[in-house]
Protein chains: 4
Amino acid sequence: MTEGIKIATIGGGSSYTPELVEGFIKRYDELPVRELWLVDIEEGKEKMEIVGNLAKRMVQKAGLPIDIHLTLDRREALKGADFVTTQFRVGLLDARAKDERIPLKYGVLGQETNGPGGLFKGLRTIPVILDICRDMEELCPDAWLINFTNPAGMVTEAVLRYANIKKVVGLCNVPIGIEMGVAKLLDVDHSRIRIDFAGLNHMVYGLDVYLDGVSVKDKVIEMITDPNNSSFVKNIEGLGWEPSFVKALGVLTCPYHMYYYKSREMVEKDLKKAKEEGTRAEVVQRLEKELFELYKDPNLDIKPPQLEERGGAYYSDAAVRLIHSIYTDRRDIQPVNTMNRGAIASIPDDSAVEVSCVITKDGPKPIAMGDLPVPVRGLVQQIKSFERVAAEAAVTGDYDLTVLAMTINPLSPSDTIAKQIVDDMLEAHKEHLPQFFNEVQA
Amino acid sequence: MTEGIKIATIGGGSSYTPELVEGFIKRYDELPVRELWLVDIEEGKEKMEIVGNLAKRMVQKAGLPIDIHLTLDRREALKGADFVTTQFRVGLLDARAKDERIPLKYGVLGQETNGPGGLFKGLRTIPVILDICRDMEELCPDAWLINFTNPAGMVTEAVLRYANIKKVVGLCNVPIGIEMGVAKLLDVDHSRIRIDFAGLNHMVYGLDVYLDGVSVKDKVIEMITDPNNSSFVKNIEGLGWEPSFVKALGVLTCPYHMYYYKSREMVEKDLKKAKEEGTRAEVVQRLEKELFELYKDPNLDIKPPQLEERGGAYYSDAAVRLIHSIYTDRRDIQPVNTMNRGAIASIPDDSAVEVSCVITKDGPKPIAMGDLPVPVRGLVQQIKSFERVAAEAAVTGDYDLTVLAMTINPLSPSDTIAKQIVDDMLEAHKEHLPQFFNEVQA
Amino acid sequence: MTEGIKIATIGGGSSYTPELVEGFIKRYDELPVRELWLVDIEEGKEKMEIVGNLAKRMVQKAGLPIDIHLTLDRREALKGADFVTTQFRVGLLDARAKDERIPLKYGVLGQETNGPGGLFKGLRTIPVILDICRDMEELCPDAWLINFTNPAGMVTEAVLRYANIKKVVGLCNVPIGIEMGVAKLLDVDHSRIRIDFAGLNHMVYGLDVYLDGVSVKDKVIEMITDPNNSSFVKNIEGLGWEPSFVKALGVLTCPYHMYYYKSREMVEKDLKKAKEEGTRAEVVQRLEKELFELYKDPNLDIKPPQLEERGGAYYSDAAVRLIHSIYTDRRDIQPVNTMNRGAIASIPDDSAVEVSCVITKDGPKPIAMGDLPVPVRGLVQQIKSFERVAAEAAVTGDYDLTVLAMTINPLSPSDTIAKQIVDDMLEAHKEHLPQFFNEVQA
Amino acid sequence: MTEGIKIATIGGGSSYTPELVEGFIKRYDELPVRELWLVDIEEGKEKMEIVGNLAKRMVQKAGLPIDIHLTLDRREALKGADFVTTQFRVGLLDARAKDERIPLKYGVLGQETNGPGGLFKGLRTIPVILDICRDMEELCPDAWLINFTNPAGMVTEAVLRYANIKKVVGLCNVPIGIEMGVAKLLDVDHSRIRIDFAGLNHMVYGLDVYLDGVSVKDKVIEMITDPNNSSFVKNIEGLGWEPSFVKALGVLTCPYHMYYYKSREMVEKDLKKAKEEGTRAEVVQRLEKELFELYKDPNLDIKPPQLEERGGAYYSDAAVRLIHSIYTDRRDIQPVNTMNRGAIASIPDDSAVEVSCVITKDGPKPIAMGDLPVPVRGLVQQIKSFERVAAEAAVTGDYDLTVLAMTINPLSPSDTIAKQIVDDMLEAHKEHLPQFFNEVQA
Ligand SMILES: [Mn+2]
Ligand SMILES: [Mn+2]
Ligand SMILES: [Mn+2]
Ligand SMILES: [Mn+2]
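Residues numbered from 1 in each chain as written. Chains lettered and ligands numbered in written order. Predicted model: local features only at pLDDT ≥ 70, side-chain atom pairs only at ≥ 80, totals over all residues. Heavy atoms only, no water.

For the record, the criterion: UniProt positions are given in the numbering used here, feature names are shortened, and annotations may be inferred rather than shown by experiment.
Per an unreviewed UniProt entry, chain A is named 6-phospho-beta-glucosidase, and its organism is Halalkalibacterium halodurans. As recorded by UniProt, the Sequence similarities (unreviewed entry) comment attached to chain A reads in full: "Belongs to the glycosyl hydrolase 4 family."

Printed below as a string of structure tokens:
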């Protein structure tokens, strides 16, 4: 890595980009980014230009010598990059809306990361990511791939298993969100809290919680189950858990666990929402439209506060914080998606896990967590099985594997309904799933 | 073990007893049983006498010197026994009917073995089994405990973890049923088929299938997915699987997998049945009534053919075959529930698994199966987590653990509904769950 | 496999061949061998003819329709074979003599299987075995390779790791010898004894010992440490162990353990023997000479009793017993070298181990043994490391790996002496190690 | 932990104490030690007073409010301590001299840590350490035990397995010495080097070496094997390795590996030294005498430079650095001895390993290293087996286990010689091994 860092951001037209830029500006002293290349595809060109111009104004305001490049030429952007961040969405939010709506037709949660929707998001995304990996091998073999694109766990698994580059990290804002929530609950500064995270992306547990190095896990669990804290808890935990369940579980859950430990209520909630306000994708589409209207304002030269409503808070912070730690060999502890190497028992050494890691210049080094607690082993293993079968289906375009992945997903009610959803989804996403329709194309 | 073998059968008033007796009679030459003690509790006395008298007539007809003893004194029966078989049902079929009906009220499968019903069956059964183990330690420390009582996996886990006797085997007729089904499908004699079974009780997979020592697994899977074999398949597999699912899964399933890979259809089916003909328990209650009417006939001196309709075929055969192999150090291969010892990766060495074993005089020796195939690891791990938490709940009478066990069961739709079912079930089964109501009683 | 079994024996000119033939004759009823192909190389032609003619006389005497073929054309012999047995010795006993003498020059044990000599035996043997495997892939892809050639553990490891055929078993007479020794010690018939064997070839332990299914391990260990049994013990155990050591070890050792747990005495003994009577290879050369003189006698039509003195008793029995069990799907328990598959913890699943297996028509199925006892884990792991590095050195012809393998062997006194021995041995065995001298040849 | 930190140093009369005091003085700003209690036994009183007075002068010179307490009352010192450091030597250097001389009589290395001498050092030390642990449980249950007393690996294993306190770390200066050596070799500042350490105490390997986050392992190995660097290498590596061995091994060794990979040369060297200048213990006795003469000088108020010749450089730094990182929750990476928790495959989760850890206020968190490289697995496993059997022998006073531990040590030439050494050593160390002589005492 040279003095002047080059970043390539695939999916640069994303509404998140201003957060990323803000993150680089804030940390410029220790992380001197010289070139930020925003890359997008033809369909995203307009959005990229809007957000790219905002980025330029932000940098100018900060008075920093960061060059912002906008391009449709991915290979040009990758050439000599030090870090590649991926935040693209194959098929845009329209595709996400289908991932959410189609399963709901069958009374099944879409859940665009570890659920039925996530399977198809993975099928669309993984081939593109592997393509980027092939380009990186050639154009920037020493660069780190920092992937935010969901399903981040499945994508990291696919890169570890099917790509030749080894420097990949999958990122999620969920763990940092839990740490912040706990800090707020205990009314202490975030820096005093440390959580031992272990599991998979969106299936991560807090095995222990430390305040100033002393375990406060039991206290936190006690507080979470206290109805007086319900408003807070709902904030980080969604609907609120049964106290008996949480106490006996004995570890902290993440918000996505709602889909698995409360699936019936979540289906009902999603069905209602889909009817009343649209699915999350549809809501976000409206939010994004408003955001891009804001971004167009030539007087705007900061990240607008409205972006926080978009969701995904801390994502930018998580990403830049990670790049910062790698670049400076900071050796702080961050929960990321990386190769297991024995950190979590019963998950293969060469599989992706989400786990607290020390971040060195050589990347994340996972902290050994030993066996997962008995009650959570099953679900973690089940999602790992799902991720692996799904990744293989994405790479091979194999129909049977796709039905299998859908069937073994814990949100699936049966093999037959799984097959019906797969058939519907394949048809709906046809243009973004060439690996399944090769023969037709040939 | 002495020349004359002593068997103690706890729950001797069961309608299955004639099968057991038939099994001992058939194998008398190599397995010279001299005393068969049928034990039951006060409530089962009448049935025990009916079935016991039939047993006596069967033995007399066979002209064999097997003494049949009927007793309510369990300790008397255990004294010096060589084998103890357990086939009792705490709370009788009435309790099973509740295990089935209460979850259905919430649109949840009862599934009296690995499901919500099975949890409560375990909570009622495990303390009694552990009590028997304590008696055995004292009265027949060298005896083998051959347990048929469901949930056989959870019960074996509980004995391995919480009892001092080590000689325990859990038995199920499912694997032998699959082998027979495959033999029929291939139209060959059962003896030519061998299946590598691995998993848990009622969650067991056939990892490979051999005909005369050559793998025919792919052929069998092909046949299973052929609609022309559907009538047969339905017989062993219930509703019939999606061909894509089965092919990609790549291993043989067991009938109980229907509950997990086809839960929605199974709920609907069970709801319909419960309405039209009653739950399985209620159907069996009627069947049993008829059976006991038959058994009363003083001219009956064989196992009546109507018993086969009762379900549970091959159970007797499985049990006596196992006792036979242990007694004669036969070293044949049988799938049973025993301590894992590394046979199945990712399941703790000291947990119970259902796996093909060589049966020696020193008991079953599991065959090392290595890693389970990726797609099945999750569900197996999930049921193992459920079994362990459930076993701990049974031993401790801990309410929170019970809610946890119910919630992590794959058939559970949410923590809240899990809690509701637990509350209903605890109330309904109160008299058989003293460990949960100690304080009330005190 | 067809009715008439075809056996190909590579190294057919071995003095052991009459035992093998006797074994086939004895078991002809259940194992109807029709063709036995003895294969050897030009240098072994004369011996093959002598032993082959004896074999023909033996078969004739037995009145059995077994055709004995003698050939130098290995491919002809392999074509359509059902079982391939390998008992050849690259470089003949002359090479073994060097394996023994050269290390002794440095005060180091030769030990032609797991020791420094064994390393070079492996380097010479593995390329030939892998060549045979390639031929088998093409000419008899369904055949089983039954390897007796030492170092049998390293050879099996190499086949599992570097060949494409999967049907390989490594055989040794050590475990069966221990069982027979124990039977004699207890003065009972061998059939009543069963030992749980686990470890590696020539590094195998008896984890438990059963007499009629009841553990008598402690009693056997007690007897072994009783000086009154010393003459017996010396017979199976060599010099006799310190009672304290054996009691605390808590498992049965094998005779080869003498080299590791008594290396100093063994070096002294070997040095003395080498001086007085020659190394074992030289003694065996004389014995073989005498044997072949006997074999030439046209009136001899049985295996001559003098063969037993040659050592290697039970080898033939072990081999034919194994072939018999595979052919008839006998499902008896035999200790053989096969893929671990989790049977022994801490050894990779895909490595070779020597372990009690059930022998089916689909080959050996290892019995899960769980963790090895603490005190023996280290030595087993060390030999496994040695075997793996050695196998890689054999395949690659890499000098550094060879020095590494020699250095990490537990009998090696230092890296520098290891290097000296390697240099001497490479020179001495040059003609049989083409993989190390390719450049010179080119 | 309160503002004012209390340290209790068991074996406070050690010649190392001035280094420790210097370390606390240097880091006072972030690590405000208020009380340092030096504890020793009656025999060490004089030395403790000499070194304690020097410590007082050092503190006074630094102008810091650190109270130095000298006491023979261990319980008084432990009361309310925040950190307990142990650097005592049961039987003093006289005992070490016996540990070294007795095995040499048999031509066997003494090696006072992982070797035969280390076994007896462990037998003497472990009961005292466990006694301290019992006191800590009562008097300072939240304190950390920082153990430097050798054999540090075996002692940590014993505490993890047999004590009730969980906060224990074993410390060694070997890894930090390797890092410093590599920095010097590459001529860069130590802070730019990071090594992934994994293994056991004095049996630790550098799996990878990073300069500014980029692996330079291959380059370092290349340099180590270059004869031009031999003077340096000898410095950190002793006699110098065979280049072929080191290259094929592929990881960095530690100086103690000389005893195992070069045992014959080391025996010869030690025998020669023992004759010419005395064993290491005897040399150190002379050095210590001179040191204490220096310490007595009332004008000396700094750590005298001659202490560095004593050996054990960086020990103090390592210890204070560790305490500093725990106290300040620094989260830097340090190699220490701690519970494995899956960091190193094939070593039980609950065993002690020496591994790179992140140091948090909650103690060291091991970094997951996955499988050790094939060639080093054996020796690591063998030493772990030795440590475990030795620790059990220390706790039980079992003679047979002691002979077993001695026999399975890789430096042992045979069970018989092992027994002879054990018998000699038991006699020689009788007064410090009450657990073996209880009956005599009673
Ligand atoms: Mn996320
Ligand atoms: Mn069953
Ligand atoms: Mn052998
Ligand atoms: Mn040290």
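**Concerning the overall build of chain A**
Selection criterion: Secondary structure elements are defined from DSSP: runs of H or I of at least 4 residues count as helices, runs of E of at least 2 residues count as strands, and each element is numbered from the N terminus. Both definitions apply: the radius of gyration is a C-alpha atom measure, and the globule rule equals 2.2 Å times residues to the power 0.38. Relative accessibility under 20% of the residue-type maximum defines a buried residue, over 50% an exposed one, and the middle range a partly exposed one, all with a 1.4 Å probe and only protein chains included. In what follows, residue pairs with any heavy atoms lying within 4.5 Å of each other are defined as contacts.
Assigned secondary structure in chain A consists of 18 helices and twelve strands. A compact globule built from 442 residues should have a C-alpha radius of gyration of about 22 Å, and chain A, at 21 Å, falls within 12% of that. Oriented by its inertia axes, the alpha-carbon framework of chain A measures out at about 60 × 55 × 45 Å. Burial status across chain A gives 67% buried among its 442 residues. Taking as baseline every contact in chain A between residues at least 6 positions apart, the subset at least 24 positions apart corresponds to 72%.

**Focus: the packing of aromatic side chains**
Under the convention used in this document: Note on aromatic contacts: the rings of Phe and Tyr and the six-membered ring of Trp form a pair at centre separations within 6.5 Å, being stacked when their planes are under 30 degrees apart, edge-to-face when over 60 apart, and tilted otherwise. Only lysine NZ and arginine CZ atoms are considered, and such an atom sits over a ring when it is within 6 Å of the ring centre and within 35 degrees of the ring normal.
Enumeration according to the criterion identifies 20 aromatic pairs over all chains in this entry. Judged by centre distance (5.9 Å) and plane angle (75°), the ring pair of Trp 241 of chain D and Tyr 261 of chain D falls under edge-to-face. Taken as a pair, Trp 241 of chain D in the loop between helix H9 (230-237) and helix H10 (243-249) and Tyr 261 of chain D in helix H11 (residues 258-261) lie far apart in primary sequence, 20 residues in all. The two residues Trp 241 of chain D and Tyr 261 of chain D agree in class, both being buried. Ring pairs connect the aromatic residues Trp 241, Phe 245 and Tyr 261 of chain A, which therefore count as one cluster. A cation sits over an aromatic face here: Lys 6 of chain B above Trp 37 of chain B, 4.6 Å from the ring centre. Lys 361 of chain D extends its terminal NZ or CZ atom over the ring of Tyr 327 of chain D, reaching a point 5.2 Å from the ring centre.

**Regarding the interface of chain B and chain A**
So the rule is basically this: Buried area adds together the accessible area that both of two parts lose upon being put together, with accessible area traced by a 1.4 Å probe. Any Lys or Arg side-chain nitrogen found within 4 Å of a carboxyl oxygen on Asp or Glu counts as a salt bridge. Here a polar contact is taken to be a pair of N or O atoms separated by no more than 3.5 Å, where protein atoms must pair a possible hydrogen donor with a possible acceptor and residues adjacent in sequence count only if both atoms sit in side chains.
Each partner contributes residues to the interface: chain B has 41 residues there, and chain A has 41 residues. Of the roughly 3400 Å² buried between chain B and chain A on both sides combined, carbon and sulfur atoms contribute 55%. On the chain B side of the contact with chain A, Glu 242, Arg 264 and Asp 415 of chain B bury the most area, a combined 17% of that side's loss. Run the count over chain B and chain A and you get two salt bridges. As a salt-bridge pair, Asp 415 of chain A and Lys 262 of chain B come within 2.5 Å of each other at their nearest N and O atoms. At the junction of chain B with chain A, the criterion picks out 27 residue pairs in polar contact (both at pLDDT 80 or more). Of all the elements, helix H15 (residues 374-396) of chain B adds the most residues to the side of chain B that touches chain A, at ten residues.

**Overview of the interface of chain A and chain D**
A common way to express how large an interface is: the accessible area buried when the components associate. Facing the 25 residues of chain A at the interface are 25 residues of chain D. Carbon and sulfur atoms make up 50% of the area that chain A and chain D hide from each other, which totals about 2000 Å². Summed over the three residues of chain A that lose the most area to chain D, namely Arg 331, Arg 341 and Ala 368 of chain A, the buried surface amounts to 27% of that side. For the interface between chain A and chain D, the tally reads two salt bridges. The residue Lys 365 of chain A makes a salt bridge to Asp 196 of chain D at a minimum N-O spacing of 3.5 Å. Linking chain A to chain D there are nine residue pairs in polar contact (both at pLDDT 80 or more). Broken down by secondary-structure element, the contributors of at least two residues to the side of chain A that touches chain D are strand S7 (193-200), strand S11 (352-360) and strand S12 (363-366) of chain A. In terms of residue count, S7 of chain A provides more of the side of chain A that touches chain D than any other element does, three residues in total.

**Examining the UniProt feature "binding site: substrate" (unreviewed entry) in chain A**
All names here are of chain A. Here the UniProt feature "binding site: substrate" (unreviewed entry) sits at Arg 96 and Asn 150. Spatially, the listed residues are clustered: although they cover 55 residues, their C-alpha atoms lie within 10.9 Å of one another. Turning to its location among the elements, Arg 96 is positioned in helix H4 (residues 92-105). The contact partners of Arg 96, leaving out residues within four places of it in the chain, are Arg 89, Glu 112, Arg 124, Arg 280 and Ala 281.

**Here's the deal with the relation of the copies chain A and chain D**
As a reminder, the rule being used: The copies were overlaid by least squares, fitting only the C-alpha atoms of residues that reach a pLDDT of 70 or more in each copy.
Overlaying chain A with chain D gives an RMSD of 0.0 Å, the required rotation being 180° about an axis along which the chain moves by 0.1 Å. Seen this way, the second copy is the image of the first under a two-fold rotation axis.

**Re the nonpolar core**
Note the following rule: The definition of a nonpolar core used throughout is a set of buried Ala, Val, Leu, Ile, Met, Phe, Trp, Tyr and Cys residues joined through side-chain atoms within 4.5 Å.
Core analysis: the biggest nonpolar cluster contains 308 residues, and Ile 146 and Tyr 205 of chain A, Val 84 of chain B, Val 84 of chain C together with Ile 146 and Tyr 205 of chain D have the highest contact counts within it. If we skip the residues at most four places from it in the chain, Val 84 of chain C touches Ala 8, Ile 10, Leu 78, Met 136, Cys 140, Ala 143, Trp 144, Leu 145 and Ile 146 of chain C. Grouped together as the second largest cluster of nonpolar side chains are 306 residues, Ile 102 of chain A, Ile 7 and Leu 38 of chain B together with Ile 326 of chain C included.

**Remarks on the pattern of salt bridges**
For the structure shown, the criterion picks out 123 salt bridges over all chains. Of the charged contacts, one joins Glu 22 of chain C and Lys 303 of chain C as a salt bridge, the two residues approaching to 3.3 Å between their closest N and O atoms. Of the two residues, Glu 22 of chain C sits in helix H1 (residues 17-26) while Lys 303 of chain C sits in the loop between helix H13 (280-296) and helix H14 (315-328), which places them 281 residues apart along the sequence. Here Glu 22 of chain C falls in the partly exposed class, since its relative accessible area comes to 27%. Residue Arg 194 of chain C is joined to Asp 196 of chain C by a salt bridge in which the shortest nitrogen-to-oxygen separation is 2.9 Å. Residue Arg 194 of chain C is classed as buried on the basis of its relative accessible area, which comes to 3%. If you follow the salt bridges from partner to partner, you end up with Arg 74, Arg 75, Asp 131, Arg 134, Asp 135 and Glu 138 of chain A in one network.

**Some words on the relation of the copies chain B and chain A**
Aligned on chain A, chain B shows an RMSD of 0.0 Å; the corresponding rotation is 180° and the shift along the axis is 0.0 Å. Comparing interface residues between copies, 100% of those in chain B also sit at the interface in chain A, which points to an isologous, same-surface contact.

**Digging into the pairing of strand S3 (residues 67-71) of chain C**
Stated formally: At least two bridges found by DSSP between two strands is the condition for calling them paired.
Where strand S2 (residues 33-39) of chain C meets S3 of chain C, five bridges bridge the pair, whose relative direction is parallel. Bridge pairing in S3 of chain C places Leu 38 of chain C opposite Leu 70 of chain C.

**Remarks on helix H6 (residues 152-162) of chain A**
Residue and element names in this part refer to chain A. Most of H6 sits inside the fold, with nine of its eleven residues counted as buried. Within H6, burial applies to Ala 152, Gly 153, Met 154, Val 155, Thr 156, Glu 157, Ala 158, Val 159 and Leu 160. Contacts from the buried residues of H6 go to helix H5 (116-139), strand S5 (144-147), strand S6 (168-170), strand S10 (333-339), S11 and helix H15 (374-396).

**A closer look at the confidence of the model for chain A**
Here is the rule: pLDDT gives the predictor's per-residue confidence on a scale running from 0 to 100.
On average, chain A scores 93 in pLDDT, and the residues at 70 or more come to 95%. The ipTM, which scores confidence in the relative placement of chains, is 0.94 for this predicted complex, and the corresponding pTM is 0.95.

**Quick notes on the packing of H15 of chain B against helix H16 (residues 399-408) of chain B**
All names here are of chain B. Using the following cut-off: Fitting a line to C-alpha atoms yields each axis, with helices limited to the stretch in contact; the angle taken between N-to-C directions then spans 0 to 180 degrees. Roughly parallel refers to an angle under 35 degrees, roughly antiparallel to one over 145, roughly perpendicular to one between 65 and 115, and oblique to any angle outside these ranges. Crossing handedness follows the turn of the near helix against the far one: under a right angle anticlockwise gives a left-handed crossing, and clockwise gives a right-handed one. Amino acid classes used here: Ala, Val, Leu, Ile, Met, Phe, Trp, Tyr, Cys and Pro are nonpolar; Asp, Glu, Lys and Arg are charged; the rest, including Gly, are polar.
H16 packs onto H15 with a crossing angle of 160° between their chain directions and a minimal axis gap of 8 Å. In this view, H15 runs roughly antiparallel relative to H16, as classed from their interaxial angle. Remark: the crossing between H15 and H16 carries left-handed chirality. Mapping the contact onto sequence places Gln 382, Ser 385, Phe 386, Val 389, Ala 390, Glu 392, Ala 393 and Thr 396 in H15 and Leu 401, Thr 402, Leu 404, Ala 405 and Ile 408 in H16. Of the residues assigned to the contact of H15 with H16, the class counts are eight nonpolar, four polar and one charged.

**Here we look at unusual backbone geometry**
Residue Asn 150 of chain A is joined to Pro 151 of chain A through a cis peptide bond whose omega torsion reads -5°. Secondary-structure assignment places Pro 151 of chain A in the loop between S5 and H6. Even without being a glycine, Arg 341 of chain A presents a positive backbone phi close to 55°. In this structure, Arg 341 of chain A sits in the loop between S10 and S11. Located in the positive-phi region is His 202 of chain B, a residue other than glycine, with phi close to 60°. Inspection of the secondary structure assignment puts His 202 of chain B in the loop between strand S7 (193-200) and strand S8 (203-211).

**Observations regarding the side chain of Ser 412 of chain C**
Structurally, Ser 412 of chain C is set in the loop between helix H16 (399-408) and helix H17 (415-428). For Ser 412 of chain C, a relative accessible area of 10% corresponds to the buried category.

**Observations regarding the environment of Val 174 of chain D**
Residues and elements named next belong to chain D. For Val 174, the location among the structural elements is in helix H7 (residues 174-186). A residue is classified by how much of its surface remains accessible, and Val 174, at 10% relative accessible area, is buried. Spatially, the C-alpha atoms of Val 174 and Tyr 261 are 17 Å apart, while their sequence positions differ by 87 residues. Among residues more than four places away in sequence, those in contact with Val 174 are His 202, Val 204, Cys 254, Pro 255 and Tyr 256.

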